[in-house]
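# Residue-level structure breakdown
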Amino acid sequence: MTRIVYLNGDYLPEAEAKISIFDRGFLMADGVYEVTSVLDGKLIDFEGHAIRLARSLRELEIASPMPDDRILEMHRELVRLNDIDQGMIYLQITRGNPGDRSFMFPDAAVPSTIVAFTQNVPNLADAPAARTGFKVISIPDLRWDRVDIKTIQLLYPSMGKMLAKKAGCDDSWFVQDGAVTEGTSNNAYIVKGNRIITRHLSSDILHGITRAAVLRFAAEAQYVVEERAFTIAEAQDADEAFSTAASIFVMPVVEIDGKAVGSGKPGPVAGRLRDIYLEEMRKAAI
Ligand code: PLP
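One structure accompanies this document, and this report is about it. On a predicted model such as this, the values are computed, not experimentally measured, just so you know.

### Description of the layout of surface pockets
Taken as a whole, the largest pocket encloses approximately 680 Å³ of empty space. Along the walls of the largest pocket sit 35 residues, with Y33, K150, L154, T184 and S185 positioned nearest its centre. Looking at the lining of the largest pocket, the elements that each hand over two or more residues are β3 (31–39), α2 (46–60), β5 (87–94), α5 (155–166), β9 (179–183), α6 (209–220) and β13 (240–245). Here the lining of the largest pocket takes four residues from α5, the largest share from any one element. In terms of residue class, the lining of the largest pocket is made up of 14 nonpolar, 14 polar and seven charged. Looking at which domains feed residues into the lining of the largest pocket, each of domain 1 (4–120) and domain 2 (129–284) gives three or more. Here the second largest pocket is characterised by a volume of approximately 170 Å³. Every residue lining the second largest pocket is listed: R24, M28, A29, D30, G31, L60, R95, F105, W144, T151 and Q153. For the lining of the second largest pocket, the residue count by class is five nonpolar, three polar and three charged.

### Observations regarding the packing of aromatic side chains
This model, assessed by the stated rule, comprises eight aromatic pairs. Plain terms: the ring middles of Y156 and F174 are 5.5 Å apart, the flat faces sit at 25° to each other, and that makes the pair stacked. Here Y156, found in helix α5, pairs with F174, found in strand β8 (residues 171–176); they are 18 residues apart in sequence, far enough to count as distant. Here the two residues Y156 and F174 agree in accessibility, since each one is buried. When the ring of F249 is compared with that of Y277, the centres are 5.8 Å apart and the planes differ by 40°; the resulting orientation is tilted. In this pair, F249 sits in strand β14 (residues 249–256) while Y277 sits in helix α8 (residues 268–284), placing the two residues 28 residues apart along the sequence. There is no split in this pair, since F249 and Y277 are both buried. Ring-pair connections join several aromatic residues into one group, and the members of that group are Y33, Y90 and F117. Here R95 stacks its cationic end above the ring of F105, 3.4 Å away from the centre of that ring. Over the ring of F217 we find R216, and its NZ or CZ is 5.0 Å from the ring centre.

### Observations concerning the nonpolar core
In this structure, L39, I196, Y223, F242, V250, L273 and Y277 are the most contacted members of the largest nonpolar core, which totals 29 residues. Those elements that place two or more of their residues in this core are β3, β5, β10 (187–192), α6, β14 and α8. No other element matches α8, which puts six residues into this core. Both domains that furnish three or more residues to this core are identified here as domain 1 (4–120) and domain 2 (129–284). If sequence neighbours within four positions are ignored, Y223 has contacts with N194, I196, A218, V269, R272 and L273. Core analysis: the next-biggest nonpolar cluster, separate from the first, contains 23 residues, L53, L60, V79 and I114 among them.

Criteria and thresholds
- Residues numbered from 1 in each chain as written.
- Predicted model: local features only at pLDDT ≥ 70, side-chain atom pairs only at ≥ 80, totals over all residues.
- Heavy atoms only, no water.
- 1 Å grid on protein atoms, 1.4 Å probe; cavity = no way out; pocket = protein on both sides within 12 Å on 5 of 7 lines; lining within 4 Å.
- Points joined across faces, edges and corners; volume = space filled by probe spheres on them.
- Helix = DSSP H or I, 4+ residues; strand = E, 2+ residues; numbered from the N terminus.
- Nonpolar A, V, L, I, M, F, W, Y, C, P; charged D, E, K, R; others polar.
- Domains from an automatic or database assignment.
- Phe/Tyr/Trp six-rings, centres within 6.5 Å; stacked < 30°, edge-to-face > 60°.
- Buried < 20%, exposed > 50% of the residue type's maximum accessible area, 1.4 Å probe, protein only.
- Lys NZ or Arg CZ within 6 Å of the ring centre and 35° of its normal.
- Core = buried A, V, L, I, M, F, W, Y, C linked by side-chain atoms within 4.5 Å.
- Contact = heavy atoms within 4.5 Å.

Here it is as structure tokens:
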């Protein structure tokens, strides 16, 4: 089955979707994106992603190409056309094609480019990795200091994933001034007793949509949520660790820089939060 993608108002077979070489997304990484997961053919936390998308666009002064209700309609249409039961929808909006290369932003008459496509992941909820957990390494956080904007500048996170792979691991956690900021494409947590500790919100981390939901469910389940910085040493010494993102939900982290966290196996708190998250988000999916 040929994947049908969305480009500037049209639904097209993926091979027919073409973008100008002058698009500022291509030349300048001048764009933002969102990833929304799909379970049972429905969108998980679409509203959270739509709100963050609008904020990212505002921060970069990129014109929003369409209102939220039309973005929602387009997501649903992509799910339908591609018959997605479980997977993700990737959405990208760039500052468009000014017809040449220039560092200056084009004037407002240049329309944004909007692209979206589905990724079919039949075992997204029952991911084998969630049963074994991630092994992570720590690397310096060399990203710019506005990572709260979800831009398409993903070279360093991509290098972080490759460094992890070369080390026989699954992901990297970034460290800034001795403290963990977040994972390459996820937020990072540790568990100590009944306390869930994760970095406080600032421009040093992406304000994860999954993070917000997981912290809400954790508080409802009587865990104490501490939003503060923690070190790699504290994480290695914790009872458990985990990461969250729309594409992995709650993913146990079992090893950090070669040292087992807790039992070295996915822990009960991460497992419980994953179960609660999936159950609640499935109920609220649209
Ligand atoms: N942090 C970074 C750097 C990310 O790239 C992502 C997701 O791509 C996240 C955190 C998690 O965000 P969300 O839960 O909204 O997927």
